[in-house]
Structure formats: C-alpha cells, structure tokens
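# Structural overview for review
Here is how the chains run, residue by residue.
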Amino acid sequence: MSTSDSSPEEVSPIDLAELTLVEAELDKRWPETKIDPSLARISALMDILGSPQHGYPAIHITGTNGKTSVSRMVDALLTGLHRRTGRITSPHLQIATERISIDGRPVSPRRYVDTYREIEPYIQMIDQQSEAAGGPPMSKFEVLTAMAYSAFAEAPVDVAVVEVGLGGRWDATNVINGEVAVITPVSLDHADYLGDDLAGIAKEKSGIIKKGREDALLPRDTVAIIAEQTPEVMDVLLRRAVEVDAAVAREGAEFAVLARRVAVGGQQLELQGLGGVYTDVFLPLHGEHQARNASLALAAVEAFFGAGPDRQLDQDAVRQGFASVVTPGRLERVRSAPTVFLDAAHNPDGAKALATALAAEFDFRKLVGVVSVMGDKDVDGILAALEPVFDEIVVTHNGSVRAMDVESLANIAVAKFGDERVVVSPTLTDALETAIGLAEEVGEPGEAVSGAGVVVTGSVVTAGAARTLFGKDPA
C-alpha cells in the first residue's frame, strides 16, 4: 500500500524534472478545450485497470460556477467527519498535481509521476484500439481522470469527491456512479461545446444523476442536491431525477442559508440542512455565493451519510470542517497595504458574484482591477460585470496561448470603462506593479496605504500565475 501524502515532504529536483516530462507527454494529447463526446475510451481503460472507480463511494459535482469551491468544502467536511478523501478538481491553478488530492492535499510530484507510469502501457493499448477504429487517442483529461481514480484506489480512500471537467453526461469523470450528485448553478459557459441553450446545457449536466447501483451490497438511491436554478434548468434536472428514481434536495426548499454576516476573514453562517439547523458556522471565504456553496456542500455530505429530520451531523465536526476550508484563487488575499486579491472568475456570472462580494463586504476608497481573459470567453459580459466596482483596470496577458491579445482586450475594456480608466500592460508582472502603483496613489507620498485594493481576475490561469508571482505554494 502506498504511503499517504498527508504530511509535507521534500520535493527533489529529479521528481520535478520527471513531472515536467510527464506533463510534456500529456500535453501532446487533446487538450481539455477539445473533446470527443464518448465514454468509450475511458470506460475501456477502467475495465483493463479493474474498475478502480467502483472501489469507493463518490460525491459527483457539476454546474457552471462554484464547482471547485463546493468540492473543497465537501472534502473539508468529510475530513472533519473522519473520512479519508480523494478529490479531483480542474483546472489547476499552479501545478498539475493540484488536480489529484488525497487527504485534502495535492499528491506529490513523485506519486503523480508513478501513477502515470504504472498505467501508461494500458493507456497506449486504448490509444491503439481507438485509432484502429478511426477514433482519437485518449485526451489529456481522460488520462488525468484515470490517474486520479487509480490513485484513490491505491491509497485507499473512503470517499471520492469528483468535480466534472466539462458538462457531465460525456465527461470522463462520469464512469463513476456517485451516490450523491451535486448540481451548482447552471448558466452559459463553454458555448462552443455545450451550446447556448440553458435547457440543453442542463441536460448534459444532468447526466451525472444516475440510478443507484443495483449490485451494491447495501443498495441506496442516488440523491441529487440541486442549487437554485432558472425554471427551465430546474425542470430538466427534476425530470432526470424522476427518470432514474433519484431522491432530490433543492436549495431554498430542503436546505438553505438562513443567515449570514460578514466576519473578520470571512463570514458567520446559520445553515438549514437536511438534518436541521447548523449554527455558528464560520466560513473563511467572502461573498454570498460562497455561503450558498456552503449550503450545497453541507446538504451533499448530509445526503452521503443519510442525514435527515431525525439524524443530524455532528455540529462541532461541521464547524471544524467549514473553518478549515481553503479555496485558492477565490477572493484570496495575497498581500496587504495595498490589499491584493486573486479571483478565478472567468465568465459573466462568476464576475457578477465577485463584483457583488467586493461591493457588499469591502469599503475600498480605490479598487484597481488586473484582468486577462481567455479569448473564447464572453469578455464583454465579464468586463460589464466588473465595471461598476473597478475605478481603473489594467489589461494584460497571462502567458497562455489561449489568452486574448492585450490590444483586443484593451479595445473592449475602453468601450466599457472609458479610455481614462484603462491602462495597458504587456505582462502580468508589469500589470501587478502598475496596479499596485495606481492603488498607492490613494495616500500621500510616504504614507501607509489604506483603503486601496487590487483584484487580479478574468481567468483561472490569470489567478494561478499571479499566485505563483506572489510566492504562494500550491494548495
């Protein structure tokens, strides 16, 4: 049995070099932005590997925004309730190992490399079979999913917390049968792959709600935990639940945020769960959207343990779990005087949630945005959501080949903010220096900066690159 990654360990230059080599090999495969709607390849690989994904129960999470935060909260709650967890999230902020976590921490580069090398011969077999039939080799995301499921089986974990990569029905993660399926708010994103019809997008995402496994020793119905949705989305999700005979718990009906107030470093919550009311819950995250994510996570964990009106989770364990939540790149403070936040908002709804949290919970005299957005995103919608809260905006490039070029981004920003509020900076490093300088103009020369802030946002890649520049370790 492999040793746990739960304690810090030294990472050797050799391990990092081998990790770089593995990532270079994986990057030759189809990227996550290119998909073939089929579970055939990942299913075939899982069969060859002995179906490791069926060796533990799972909580499966999809939606448009909030998936990673909910996944991390579910992980923290399960850990607080003494369960060993494995977690899949995507994309990563800083280093690929973040995608596969065991015991709440990214696996080590050594384990990541070893896991890949162990299953590599079988991956190549599936590549050959698929290509012989006229199909593509396995994608990078398919391989990463197989690596995660294999690592969880070897650990072994008590429960897997699985974030969907894209959509749901055809997502590579969907070879598991989650006992609990969580649907965060569904909105428009990834239109190139999921379309621009909310009902159609919801149908894809509803694919993770499945009939309970009949071959299980203790058969249980699947439970669908559904965030507040638009009527057309809710209709699709409920129809799917009826089709597969899944139980349903809905935000605003079976569970809800009863009260929240801003606290130092986060917020204090009172949550209505499936098993009753949970009081004095401190969540070290900002924004109403994170409070609602917390209610989703709590309901998911309650459903996993079979909590209900006559059975509540341990209140102290729930409080401990939420208090320990860490979500890098989600309104994460990385510097003071001036305050610098990082946020991975990358679509209009995410940007609206960020803007709402900034306006409601902070009182900056001046707030400067640093923004780089991927070229395939709704840049107009993102900037329109951010315009009311940013006094000035520094547009830049995060280094990704997918990022919108600075000139095009600047033109869109000028149309939204006006020429006098837009500054152009070619690199993220330069943009951060420029934005901090603009924020520091609030005070007198030599005076300590107060009431000024900088927010780096627009993409997961932007937040991750900035996190590295500020010297933060992957988490």
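Figured I'd write up the structure that's included with this text. (Residues numbered from 1 in each chain as written. Predicted model: local features only at pLDDT ≥ 70, side-chain atom pairs only at ≥ 80, totals over all residues. Heavy atoms only, no water.)

## Regarding the nonpolar core
Counting 41 residues, the largest nonpolar core has Ile59, Val74, Leu78, Val182, Ile225 and Phe322 as the members making the most contacts within it. Setting aside residues no more than four positions away along its own chain, Ile225 makes contact with Val180, Ala181, Val182, Ile183, Ala249, Phe255, Leu296, Ala299, Ala300 and Ala303. Counting 37 residues, the second largest nonpolar core, distinct from the first, contains Ala96, Ile100, Phe141 and Tyr149. (Core = buried A, V, L, I, M, F, W, Y, C linked by side-chain atoms within 4.5 Å. Buried < 20%, exposed > 50% of the residue type's maximum accessible area, 1.4 Å probe, protein only. Contact = heavy atoms within 4.5 Å.)

## A word on the sheet that holds strand E2 (residues 85–88)
Note: strands within a sheet are paired through backbone hydrogen bonds, in either parallel or antiparallel orientation. One open sheet accounts for eight strands, arranged E4-E3-E2-E5-E1-E6-E7-E8; its pairing is mixed. The open sheet is flanked by strand E4 (105–106) and strand E8 (247–250), the only strands paired with a single partner. In the sheet, strand E1 (residues 58–62) pairs with strand E6 (residues 180–183) via four bridges, with the strands oriented parallel. In the strand pairing of E6, Ile61 is matched with Val182. Across the sheet, helix H5 (residues 140–154) lies against E2, strand E3 (100–102) and strand E5 (159–163), angled at about 10 degrees from E3, the strand it touches most. Strand contacts of helix H8 (residues 231–243): E6, strand E7 (223–226) and E8, with the helix running at about 155 degrees to E8, the strand carrying the most contacts. (Pairing = 2+ DSSP bridges. Helix = DSSP H or I, 4+ residues; strand = E, 2+ residues; numbered from the N terminus. Axes fitted to C-alpha atoms, helices over the stretch in contact; angles between N-to-C directions.)

## So, the packing of aromatic side chains
Summed over the entire model, instances satisfying the criterion amount to five aromatic pairs. Each ring, one from Phe341 and one from Phe364, has its centre 6.4 Å from the other, and the planes form 75 degrees; the classification is edge-to-face. Linking Phe341 in strand E13 (residues 339–342) with Phe364 in the loop between helix H11 (348–361) and strand E14 (366–371), this pair joins segments that are 23 residues apart in sequence. Between Phe362 and Phe364, the aromatic rings sit 5.7 Å apart at their centres with planes inclined by 20 degrees, giving stacked as the arrangement. (Phe/Tyr/Trp six-rings, centres within 6.5 Å; stacked < 30°, edge-to-face > 60°.)

## A few points about helix H2 (residues 40–48)
Owing to its 3.6 residues per turn, the α-helix brings residues three or four apart onto one side. Residues of H2 that are buried include every one of Arg41, Ile42, Leu45 and Met46, and no others. Each buried residue of H2 lies within a common arc of 130 degrees when the element is viewed along its axis, so the set occupies one face. In H2, the exposed positions that point more than 90 degrees away from the buried face belong to Ala40 and Asp47. Immediately downstream of H2, the backbone of Gly50 shows phi near 90 degrees, a positive value. (Arc of directions from axis to C-beta.)

## Notes on helix H3 (residues 67–80)
In this model, H3 (14 residues) spans 20 Å end to end at C-alpha, consistent with the 20 Å of a helix rising 1.5 Å per residue. Of all 14 residues in H3, 13 are buried; the element is thus mostly enclosed. Of the residues one or two after H3, His82 is the one with positive phi, at around 70 degrees. (Expected span 1.5 Å × (residues − 1).)

## Describing the sheet that holds strand E11 (residues 276–283)
Taken together, the three strands give an open sheet; going across it, the order is E9-E10-E11, and neighbouring strands pair in antiparallel fashion. Each of the sheet's edge strands pairs with one partner strand only, and the pair in question is strand E9 (256–263) and E11. On average, each strand axis in the sheet is tilted by 15 degrees relative to the strand beside it, whichever way the strands run. Sheet topology places strand E10 (residues 266–273) next to E11; six bridges connect them, and they run antiparallel. Considered in E11, the bridge of Leu271 is made with Tyr278. Against the sheet, helix H9 (residues 288–305) engages E9, E10 and E11, with an angle of about 40 degrees to E10. Helix H10 (residues 315–323) rests against E10 and E11 of the sheet, and its axis sits at about 35 degrees to E11.

## Observations regarding the packing of H3 against H10
Two elements in contact, H3 and H10, have axes whose closest approach is 8 Å; the angle formed by their N-to-C orientations is 135 degrees. As far as their axial angle goes, H10 and H3 are oblique. Viewed along their axes, H3 and H10 form a crossing whose handedness is right-handed. Contacts between H3 and H10 involve Met73, Ala76, Leu77 and Gly80 from the former and Ala317, Val318, Gly321 and Phe322 from the latter. Residues of the contact of H3 with H10, tallied by class, amount to six nonpolar, two polar and no charged. (Parallel < 35°, antiparallel > 145°, perpendicular 65-115°, else oblique. Left-handed = near helix turned anticlockwise from the far one by under 90°. Nonpolar A, V, L, I, M, F, W, Y, C, P; charged D, E, K, R; others polar.)

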